[in-house]
Amino acid sequence: MSDPVVKLSGLTRSFEQGGVRIDVLRGVNLAIQPGEIVALLGPSGSGKSTMLQAVGLLEGGFGGTIEIDGTDASALPSDGRTELRRTHMGFVYQFHHLLPDFNAEENVILPQLVRGVDRGEAEERARELLSSLGLSGRLNHRPSQLSGGEQQRVAVARALANSPQLVLADEPTGNLDEATADKVLDQFLALVRGEGSAALVATHNERLASQMDRVVRLHEGTLD
Ligand SMILES: Nc1ncnc2c1ncn2[C@@H]1O[C@H](COP(=O)(O)OP(=O)(O)OP(=O)(O)O)[C@@H](O)[C@H]1O
């Protein structure tokens, strides 16, 4: 059997606030298999974003181990973690974080150029992804010229541009009205499934979570 894409063992994280220690994650265990789409549910403040930052190797200060595709990331120096993130992961946030001076197509091309993909190939991939999200008529629009739903779809295309094994999404439709959120999530899930990527998607929304392969819930610092 292949390694899980993510394996968390005894993950802990505490913060000091005004001299008081808060134990946000108290021993989280989770394995995500290749291609598996997992919804991470939990009330506000339960630690969903903190957990995604751990898996995304974006922050230090965690206890326990974080394995990505069989590599113990907790043991790697910072440049090793950056490399693992670049080669294995794509990110979607609640707000799109697109580059404002670049159009939709360029926003999807850029992460590929960073990885050394040839410009022509990167353009072809960007167009293919954007058109599968219904955006072939918006390639030359800058983020400010796109609707909220369109911006999030460009962010989804960008996250998938380098065919990551793992997509990490923090409330990817949290900024959209219900009908648009449903549509964008459908397209996001179809694309992630089509690419065969695994995903960990933090959300408050039970209805959206029920469309994923598995639901895990953060409660008092551990997964139920
Ligand atoms: N850098 C930090 N310093 C101090 N406390 C922090 C820090 N980051 C997060 N926390 C605390 O950790 C707890 C969990 O926060 P986190 O953002 O992970 O929750 P969440 O489940 O993603 O919430 P939401 O759904 O509202 O985004 C909160 O009590 C928060 O105040």
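Remember, it's a predicted structure, so these values are computed and weren't measured experimentally. (Residues numbered from 1 in each chain as written. Predicted model: local features only at pLDDT ≥ 70, side-chain atom pairs only at ≥ 80, totals over all residues.)

**Q** When you look at the sheet that holds strand β5 (residues 71-72) in this model, what are you seeing that I'm missing?
**A** Within a beta sheet, neighbouring strands are joined by backbone hydrogen bonds and run either parallel or antiparallel to one another. Spatially, 4 strands are ordered β2-β1-β4-β5 in an open sheet, and the strand pairing comes out antiparallel. Strands with a single pairing partner mark the edges of an open sheet, and in this sheet they are β2 (20-32) and β5. (Pairing = 2+ DSSP bridges. Helix = DSSP H or I, 4+ residues; strand = E, 2+ residues; numbered from the N terminus.)

**Q** Quick question: what am I supposed to make of the site of the ligand here?
**A** Close contacts around the ligand come from Phe15, Gln17, Ile22, Val24, Gly42, Ser44, Gly45, Ser46, Gly47, Lys48, Ser49 and Thr50, and that covers them all. Mapped onto the shell around the ligand, the elements with two or more residues apiece are β1 (6-17), β2 and α1 (48-55). (Near = placed C-beta within 6 Å.)

**Q** I tried to follow the confidence of the model for the protein on my own but got confused; where do I start?
**A** Predicted coordinates in regions of low pLDDT should not be interpreted in detail. On average, residues of the protein carry a pLDDT of 94, and 100% of them reach 70 or more. Averaged pLDDT values for the elements of the protein fall to 89 in helix α7 (residues 206-209) and rise to 97 in strand β3 (residues 37-41). Note on the complex model: pTM 0.94, ipTM 0.96. (pLDDT = per-residue confidence, 0-100.)

**Q** Just checking my understanding: could you explain helix α3 (residues 104-114) for this structure?
**A** The α-helix advances 3.6 residues per turn, and as a result positions three or four apart in sequence lie on the same side. All buried positions along α3 are accounted for by Ala104, Glu105, Asn107, Val108, Ile109 and Gln112. Count one or two residues on from α3 and you reach Gly116, which has phi positive near 90°. (Buried ≥ 20, exposed ≤ 12 C-beta atoms within 10 Å, placed from the backbone.)

**Q** I tried to follow the nonpolar core on my own but got confused; where do I start?
**A** The nonpolar side chains of a soluble globular protein tend to be buried, and buried together. In this structure, Leu40, Val108, Ala157, Val167, Ala199, Leu200 and Val201 are the most contacted members of the largest nonpolar core, which totals 59 residues. By residue number, the principal contributor to this core is helix α5 (residues 148-160), which donates 6 residues. Once residues lying within four places of it in the same chain are set aside, the contact partners of Val167 are Gly90, Val92, Ala159, Leu160, Val192, Ser197 and Ala199. (Core = buried A, V, L, I, M, F, W, Y, C linked by C-beta atoms within 7 Å. Contact = placed C-beta atoms within 7 Å.)

**Q** When you look at the environment of Arg115 in this model, what are you seeing that I'm missing?
**A** The residue Arg115 is located in the loop between α3 and α4 (119-132) in this model. What makes Arg115 exposed here is the crowd of 12 C-beta atoms within 10 Å. For the pair Arg115 and Gly70, spaced 45 residues apart in sequence, the C-alpha separation works out to 22 Å.

**Q** In this structure, what is going on with the packing of α3 against α5? I would like to understand it.
**A** A pair of packed helices can be characterised by two numbers: the angle between their axes and the separation between those axes. Remark: α3 packs on α5, axes separated minimally by 8 Å, with the N-to-C direction vectors making an angle of 20°. It follows from the interaxial angle that α3 and α5 lie roughly parallel. Here α3 and α5 pass one another in a crossing that is right-handed. Two secondary-structure elements touch here, α3 through Ala104, Asn107, Val108 and Pro111 and α5 through Val154, Ala157 and Arg158. For the contact of α3 with α5, the per-class residue count stands at 5 nonpolar, 1 polar and 1 charged. (Axes fitted to C-alpha atoms, helices over the stretch in contact; angles between N-to-C directions. Parallel < 35°, antiparallel > 145°, perpendicular 65-115°, else oblique. Left-handed = near helix turned anticlockwise from the far one by under 90°. Nonpolar A, V, L, I, M, F, W, Y, C, P; charged D, E, K, R; others polar.)

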